[in-house]
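Here is how the chains run, residue by residue.
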Amino acid sequence: MNTLLKLKKVNLKYQTGKKNISVLKDINLITKKKESISIVGESGSGKTSLIMLIGGLERATSGKIFFQNQEITKLSEDSISEIRKKNIGIIFQSFYLIPNYTAVENVALTLELNKFKNPEKEAKMLLERFGLKHRFNNLPGQLSGGEQQRVAIARAIAMKPELILADEPTGNLDTENSIMISEILFKYIKEEGSSLIMVTHDQKLANKAKRKIKIKDGKIK
Amino acid sequence: MVKLNNSSDLKLVFKYALKDFSRNYKKILSIIVTLYISLFILSAIFTIEDSLKKELNDNAKSLLGGDLEIDYNRNQGNLDLINQVKEFATVSQMIEFSTMISTTNREKNKSLFTRIKTVDEKYPLYGKVVYEPKGAYERIQKEPNTILINESLTKTLNININEVIKVQDQLFTVVGIIKTVPDVSGFVAFGDWALAGKQTLEILKLNGIGSFLNYEYKVKFNHNDNAEILEKKIKNIFKNDQKVKLRYPENSASGLKRIISNFSQFLSLVSISAMLIAGIGIANTLLSFINHNNMSIAVRKAVGFYSGNIKLLYYMQLFILLFIITIFAYCSSFLIVPIADKYLSDGLGLNINPIFSFLNFLKIFLVGFLVLLIFSIPTINAIDQVKASNLFRNVFQNLQFYYSKKSITISIFLLSILILLFTLGSENPVYSLGYFGAFFVCLIVFFLLSKLIIFSLKKIKSFSNISLNVSIKNITQTKSITPITIMSLGLGVTLLLTLALVGTNFKREIAKSIPDIAPDYFFVGIQKGEREKFEQSILSMDPNASIEIVPMVSSGIVKINGINPNTYITPDNDSYWVIGSERRSSWAKKVPEDNPIIKGKWWDLSKNNQLQISLDAKVAKDLNINIGDIFTLNIYGREIEGEIINFREVDYRDLSINFAMLFNPQFAINIPHEYLATTKFDNLDKFNEIQMLKILPSLSMIKIADYLNKVTSVLNKVFIAVTLISTVTIVIGLIVISSAIMVQGKVKEFQNLVFKILGFSKKKVVFSSLIEFIIIFISVILIAIFFAVIGSKFIMENIFELVWKFDVIVLIYLGLSIGLVTLLLILLTNLKYLNPKIYPLIRNQ
């Protein structure tokens, strides 16, 4: 039983006014444990919608999604939250750190939510691992883009999740920082054995993944 | 509401609530300020009321003057029974009466109708008399013709210590000045009074009716005796004496307690209005705060926080905020007590100290909690609209108030609890309920008005004036602050205008209307043989004076239809006074002009040898009396039965001679009586009080103007307090408006930036704000005046039963003042958005 994630005939439609827009069409996807996948495609092709569905942040219009053999499409929002907080880490293009929390507090939030005994200590260890020892008590506004994204990665991996979802993790960064972030990310999944599903426009980054999926007009090609 | 999870979740949420609160409190400053002001006012009212009531309860025995009071009213009473009480308790006799006091040996002597309390050497049984100089109090007991006068009397008649004054036709030396006495009663609070030794009564010629004599015996039990047993014993001693009334400490100062409860009820209602207005602002600021935290909420959802826990996080922050503010508001309300103490000690001789009451703290917290909850439910429920998926799209839409059937039901339920909390415990639940009804009607009308304005302005096609177009756009745009501005300003202005109209009408009635129709003087104590002498003396001073003189007799209702009158009415009824003690009654041949008969017929001349009674219609209604019912009256010790044969509509407001009971003259003429007179002088200066007292030394004169001045002075203080508290509602309304503008600050900045780029001058921006304000304010003021007129008319005519008149000057004055302040506030708040920094805005920073 090596399957971590399974999507079966998943469809996603949005309604704008009287119009129904099909964003994802009959998506079938199986992800194994420790696998890294990059999703590429043009803007508006449905890449981000796909990882939103996988993360349980959006509900599929039809089809089934299984995470660790449990169908999550039928679960309540709170139950999905429970799965997400323990098993899924998400990294966003725009970092999304809580502005009035320090770097340590942003990372500790996830740990505390999972009832860690020393969340701040754990958070500091993670940040130190990412070269942010000198930034423990800085607010996001006092950090550079690269530093903010490192904090965001630390927050996402704090729980050692089975699956990391990354949406354009280097999209808002310069080349130097992009390289640093991708190295950190891939080093981490290699060391800890997490799976990664990453949406990116950056071909170099996409190529680093074991499997590359291309989406066009809501369908996997 | 939110689902509560396990205790560790709760602990975590609480931890984060504390953390968030410590970092966010500056962003919700307007919530803090409005909540603090409204809770402070409520705390101050509760604290002062509690401190006052505690003072009254702690000093109940002092206020009553003993462990028990035996009140014989106008009669000396049964001394044998009193002596029986003296066998096991200390008894102090006190006799109060009213008479004229005049200055002597001055070029222009002055006189005043004064209440005098004669006391024996045992007085006071509880508490102490504060006076100066030392030894003065002992002198009035030992030396005849000595008197102590109160501070008010020294000022009114300008009397000094050791000066000789006249009490009736007797000379008395003022040996000292009284500061306070322990047994405060109504007259002490209100006017001029004096204290004299027990021998004084024998020196003066007092008559029963005109002197308003009152005999009281104060009883103090021995220290080790059981009060309950002795109370029963005394009750038993007087069980067959119908003239006596026994009073206990819990009955002391009951009138004062009722006034305090009524006044604090009214002020509490005004303060809860302020809180509800604050609630509108709280909901608005909170929504803006949540919008500001939109991304943080989405992040929390993304990392696995339940939506319910996030809502709980916000509720907890509000809870923490409320707890801290309640502590501050409650503690700072103690600072108001010394100010209230100064007024109260001057007027009543009561000293109040702040008292911490956990129950009061809880009540204030509960009120704040309910208001916060009612207004935050639709706001915090908006958190459900935040989606973690927004983080992928980088799009955060502004949240809207979220109303579900469940949240509406909970809000209505909480609102009902809030109303019940203020209604059930109040002195007058019907009035409280009426007040809340009127408040919510006004709220709904102002809300509908805002919608009507928006709807009407939307229909208007554009004008050539760009400022006007912008102002109309501002009013009608989605999420415009028009409804909030109209509701908060409208409610505050309505309340202030209503109270101002009531205040000016009340003062006008007392200062002008009543004196215009009321007589200048009341004369009491005109004996049967002195009537002509009295009339001649008045007319010799002012031939054009109009005199009304009527016979007067004292009588008490012993039975109604053969049974105890107390079974017909409860002491809290307005008409209880009719049976409470002996009343003065008169007789008349013709129906008095201002007392029309509304039921029954005038005297039945075929029954001249029977007592017939004409009764005040309101008293008849309150006592549930019908034509043909029989009253048994005690007149000078004789019990006489009389038949009720008609009801009259009696209007006491003109202060002319009015009686609840009139007798048929054919029967009553033979009853021993004296006269009561009123006089309206053509020229008041022609009347000489001192001269009149020389002619009729036992005459008592009550100058109406003196009493109306005293009433006006008390009312002025009351209205200052009322106006101050109602102004708070306006202040809170203004804070709400200001915070609403600030909530829109970002939008305004963008708007002004676009205007700047398009070449729209600052002058035009300010002008558009001005037009916007004028449109809103004119609508608000018109509706507020409409409500204020209806409200004040109802209060004046139905509650105070006085004449109401439209006072346009007050409305213009207040309307312009509020308008100017509001305009200034709006312009000042908008000022900082007039110069937007272009770079950060166009870079979307």
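Residues numbered from 1 in each chain as written. Chains lettered and ligands numbered in written order. Predicted model: local features only at pLDDT ≥ 70, side-chain atom pairs only at ≥ 80, totals over all residues. Heavy atoms only, no water.

## Topic: the overall build of chain B
Short version of the rule: Elements are defined by DSSP. Helices are runs of H or I of four residues or more, strands are runs of E of two residues or more, and each kind is numbered from the N terminus. Relative accessible area decides the class of each residue, using a 1.4 Å probe on protein chains only: under 20% of the type maximum gives buried, over 50% gives exposed, and in between gives partly exposed. In what follows, a contact means two residues having at least one pair of non-hydrogen atoms within 4.5 Å. This count recognises Lys and Arg as positive and Asp and Glu as negative, with His and chain-terminal groups excluded. To locate a charge, take atom NZ for lysine, CZ for arginine, CG for aspartate or CD for glutamate.
A tally of regular secondary structure across chain B gives 29 helices and 20 strands. With respect to the principal axes defined by its C-alpha atoms, chain B has extents near 100 × 65 × 60 Å. Residues counted as buried form 55% of the 845 residues belonging to chain B. Residue pairs at least 24 apart in sequence account for 82% of intrachain contacts in chain B once pairs closer than 6 positions are excluded. Taken together, the 89 basic and 67 acidic charged side chains of chain B have centroids lying 16 Å from each other.

## Observations concerning the sheet that holds strand β7 (residues 163-167) of chain A
Residue and element names in this part refer to chain A. Selection criterion: For two strands to be treated as a pair, DSSP must find at least two bridges joining them. Under this scheme, a helix contributes an axis fitted over its contacting stretch, all axes are lines through C-alpha atoms, and angles between N-to-C directions fall in the 0 to 180 degree range.
Sheet architecture is open: 6 strands sit in the order β6-β7-β8-β3-β9-β10, paired in mixed fashion. Edge positions in the sheet fall to β6 (88-91) and β10 (219-220), since each of these pairs with one other strand and no more. Relative to strand β8 (residues 195-199), strand β3 (residues 36-41) is paired through 4 bridges, and the arrangement is parallel. From the neighbouring strand, Ile-39 faces β8, where its bridge partner is Val-199. In the packing of helix α1 (residues 47-54) onto the sheet, the strands contacted are β3, β6, β7, β8 and β9 (211-216), and the crossing angle to β7 comes to about 150 degrees. Packed on one face of the sheet, helix α6 (residues 175-192) meets β3, β6, β7 and β8 and runs near 155 degrees to β8.

## Let's talk about the packing of helix α17 (residues 429-459) of chain B against helix α27 (residues 762-799) of chain B
Residues and elements named next belong to chain B. Basically, it comes down to this: Convention used here: angles under 35 degrees read as roughly parallel, angles over 145 as roughly antiparallel, angles from 65 to 115 as roughly perpendicular, and any remaining angle as oblique. What makes a crossing left-handed is the near helix being turned counterclockwise from the far one by less than a right angle; a clockwise turn instead makes it right-handed. Amino acid classes used here: Ala, Val, Leu, Ile, Met, Phe, Trp, Tyr, Cys and Pro are nonpolar; Asp, Glu, Lys and Arg are charged; the rest, including Gly, are polar.
α27 packs onto α17 with a crossing angle of 160 degrees between their chain directions and a minimal axis gap of 11 Å. With respect to their mutual orientation, α17 and α27 come out roughly antiparallel. The interaxial crossing formed by α17 with α27 has right-handed handedness. Between α17 and α27, the residues in contact are Tyr-431, Cys-442, Val-445, Phe-446, Leu-449, Ile-453 and Leu-457 and Ile-775, Ser-779, Val-780, Ile-783, Ala-784, Phe-787 and Ile-799, respectively. Considering only residue class, the contact of α17 with α27 consists of 13 nonpolar, 1 polar and no charged.

## Points about the sheet that holds strand β2 (residues 19-32) of chain A
Residue and element names in this part refer to chain A. Pairing is antiparallel across the open sheet formed by 4 strands, whose spatial order is β2-β1-β4-β5. At either margin of the open sheet sits one strand with a lone partner, and together these are β2 and β5 (70-71). Alignment of strand β1 (residues 3-16) against strand β4 (residues 62-67), held across 5 bridges, turns out to be antiparallel. For Lys-6, the partnering residue across the bridge sits in β4 and is Phe-66. Packed onto the sheet, α1 meets β1, β2 and β4 and runs at close to 120 degrees relative to β1.

## Some words on the interface of chain A and chain B
By convention, interface size is frequently given as the accessible area that disappears when the constituent parts associate. The cut-off we apply is this: We define buried area as the total accessible area lost by two parts upon association, computed with a 1.4 Å probe and summed across both. The term salt bridge refers to a pairing of a side-chain nitrogen on Lys or Arg with a carboxyl oxygen on Asp or Glu at a separation within 4 Å.
Taken together, the contact between chain A and chain B spans 33 residues of the former and 30 residues of the latter. Between chain A and chain B the total buried area reaches about 2,800 Å² when both faces are included, carbon and sulfur atoms providing 54% of it. When the buried surface of chain A facing chain B is broken down by residue, Tyr-96, Glu-112 and Leu-113 of chain A rank first, second and third, together holding 22% of it. At the boundary of chain A and chain B, one finds 3 salt bridges. A salt bridge links Glu-105 of chain A to Arg-23 of chain B, with the nearest nitrogen and oxygen atoms 2.4 Å apart.

## Some points on a positive patch on the surface
Residues and elements named next belong to chain A. This is how the line gets drawn: A residue counts toward a patch only above 30% relative accessible area and without a salt bridge, and it is joined to like-charged neighbours within 9 Å or, for Val, Leu, Ile, Met, Phe, Trp and Tyr, to nonpolar neighbours within 5 Å. For every accessible area listed, the method is Shrake-Rupley and the probe measures 1.4 Å; residues are considered covered only by the protein chains on display.
Together, Lys-212, Lys-214, Lys-216, Lys-219 and Lys-221 make up a positively charged patch on the protein surface. In terms of residues, the positive patch owes the most to one element, β9, which gives 3 residues. Turning to its location among the elements, Lys-212 is positioned in strand β9.

## Concerning the pairing of β7 of chain A
All names here are of chain A. Cut-off, in case you're wondering: Viewed with both strands pointing away, a crossover whose connecting path from the first strand over the helix to the second turns clockwise is right-handed.
Of all the 5 residues making up β7, 5 are buried; the element is thus mostly covered by neighbouring parts of the structure. Here β7 shows a buried face lined by Leu-163, Leu-165 and Asp-167 and a second buried face lined by Ile-164 and Ala-166. Pairing analysis gives 4 bridges linking β6 to β7, with the strands arranged parallel. Counterpart to Ile-90 in the pairing with β7 is Leu-165. Here 5 bridges tie β7 to β8, and the two strands are oriented parallel to one another. Pairing of Leu-163 across the sheet is with Ser-195, part of β8. With respect to chirality, the unit in which β7 leads through α6 into the neighbouring parallel β8 is right-handed.

## Details of the nonpolar core
Inside soluble globular proteins, nonpolar side chains tend to come together where they are buried. All names here are of chain B. To be explicit about the condition: Grouping buried Ala, Val, Leu, Ile, Met, Phe, Trp, Tyr and Cys residues that are joined through side-chain atoms within 4.5 Å yields what is termed a nonpolar core.
Counting 206 residues, the largest nonpolar core has Phe-523 and Phe-534 as the members making the most contacts within it. Broken down by element, the residue count for this core peaks at 16 residues, all from helix α10 (residues 254-292). Excluding residues that lie within four positions of it along the chain, Phe-523 makes contacts with Phe-534, Ile-538, Tyr-675, Leu-676, Ala-677, Thr-679, Phe-687, Leu-699, Ser-700 and Met-701.

## A few points about a nonpolar patch on the surface
A surface patch of nonpolar side chains, amounting to about 500 Å² of accessible area, comprises Phe-806, Val-808, Ile-809, Ile-812 and Leu-816 of chain B. With respect to the helices and strands, the residue Ile-809 of chain B is situated in helix α28 (residues 808-831).

## Regarding the pairing of strand β15 (residues 611-616) of chain B
Residue and element names in this part refer to chain B. With 6 of its 6 residues buried, β15 lies for the most part within the structure. By the bridge criterion, 6 bridges tie β15 to strand β17 (residues 638-648) in an arrangement that is parallel. Its bridge partner being in β17, Leu-611 is matched across the sheet by Gly-642. Of the pairings in the sheet, the one linking β15 to strand β18 (residues 661-663) comprises 3 bridges and is antiparallel in character. Paired with Ile-613 across the bridge in β18 is Phe-663.

## Concerning helix α14 (residues 358-380) of chain B
We apply this condition: Note that bend, as reported per residue, equals the angle between axes fitted to the 7 residues terminating at that residue and the 7 residues originating from it.
Of all bends in α14 of chain B, the biggest is about 30 degrees, found at Ile-374 of chain B, and the proline Pro-378 of chain B comes one to four residues later. In terms of burial, α14 of chain B is largely enclosed, as 17 of its 23 residues are buried.

## Things to note about the confidence of the model for chain B
As a reminder of what qualifies: pLDDT measures how confident the predictor is about each residue, on a scale from 0 to 100.
Mean pLDDT over chain B stands at 83; residues scoring 70 or higher make up 94%. No element of chain B has a lower mean pLDDT than helix α7 (residues 186-190) of chain B, at 49, and none a higher one than helix α12 (residues 307-333) of chain B, at 93.

## Digging into unusual backbone geometry
For the bond from Tyr-123 of chain B to Pro-124 of chain B, the omega torsion is -5 degrees, close enough to zero to count as cis. Relative to the helices and strands, Pro-124 of chain B is located in the loop between β3 (111-119) and β4 (130-132). In this structure, Asp-26 of chain A takes a positive phi of about 45 degrees despite not being glycine. Of note, Asp-26 of chain A is situated in strand β2.

## A word on the packing of aromatic side chains
What describes a pair of aromatic rings is the distance from one ring centre to the other and the angle between the planes of the rings. Put simply, the rule is: Aromatic rings from Phe, Tyr and Trp, taking only the six-membered ring of Trp, are treated as a pair when their centres fall within 6.5 Å; an angle between ring planes under 30 degrees marks them as stacked, one over 60 as edge-to-face, and anything in between as tilted. For a lysine, the NZ atom is tested; for an arginine, the CZ atom; a charge sits over a ring if that atom is within 6 Å of the ring centre and within 35 degrees of the ring normal.
Applying the stated criterion across every chain yields a total of 34 aromatic pairs over all chains. Between Tyr-330 of chain B and Phe-334 of chain B, the ring centres sit 5.3 Å apart and the planes meet at 65 degrees, which makes this aromatic pair edge-to-face. Here the aromatic rings of Phe-773 of chain B and Phe-777 of chain B are separated by 5.2 Å at their centres, their planes lie at 20 degrees, and the arrangement is stacked. Remark: Phe-777 of chain B and Phe-773 of chain B occur in helix α27; sequence separation between them is 4 residues, near one turn of the helix. By relative accessible area, Phe-773 of chain B is classed as buried at 9%. Every member of this aromatic cluster is reached through a ring pair, and the members are Phe-319, Phe-323, Tyr-330, Phe-334, Phe-356, Phe-358, Phe-361, Phe-365 and Phe-369 of chain B. The lysine or arginine in question, Lys-19 of chain B, covers the ring of Tyr-101 of chain A, its NZ or CZ lying 5.3 Å from the ring centre. One cation-aromatic arrangement involves Lys-233 of chain B over Phe-88 of chain B; the distance from NZ or CZ to the ring centre is 4.3 Å.

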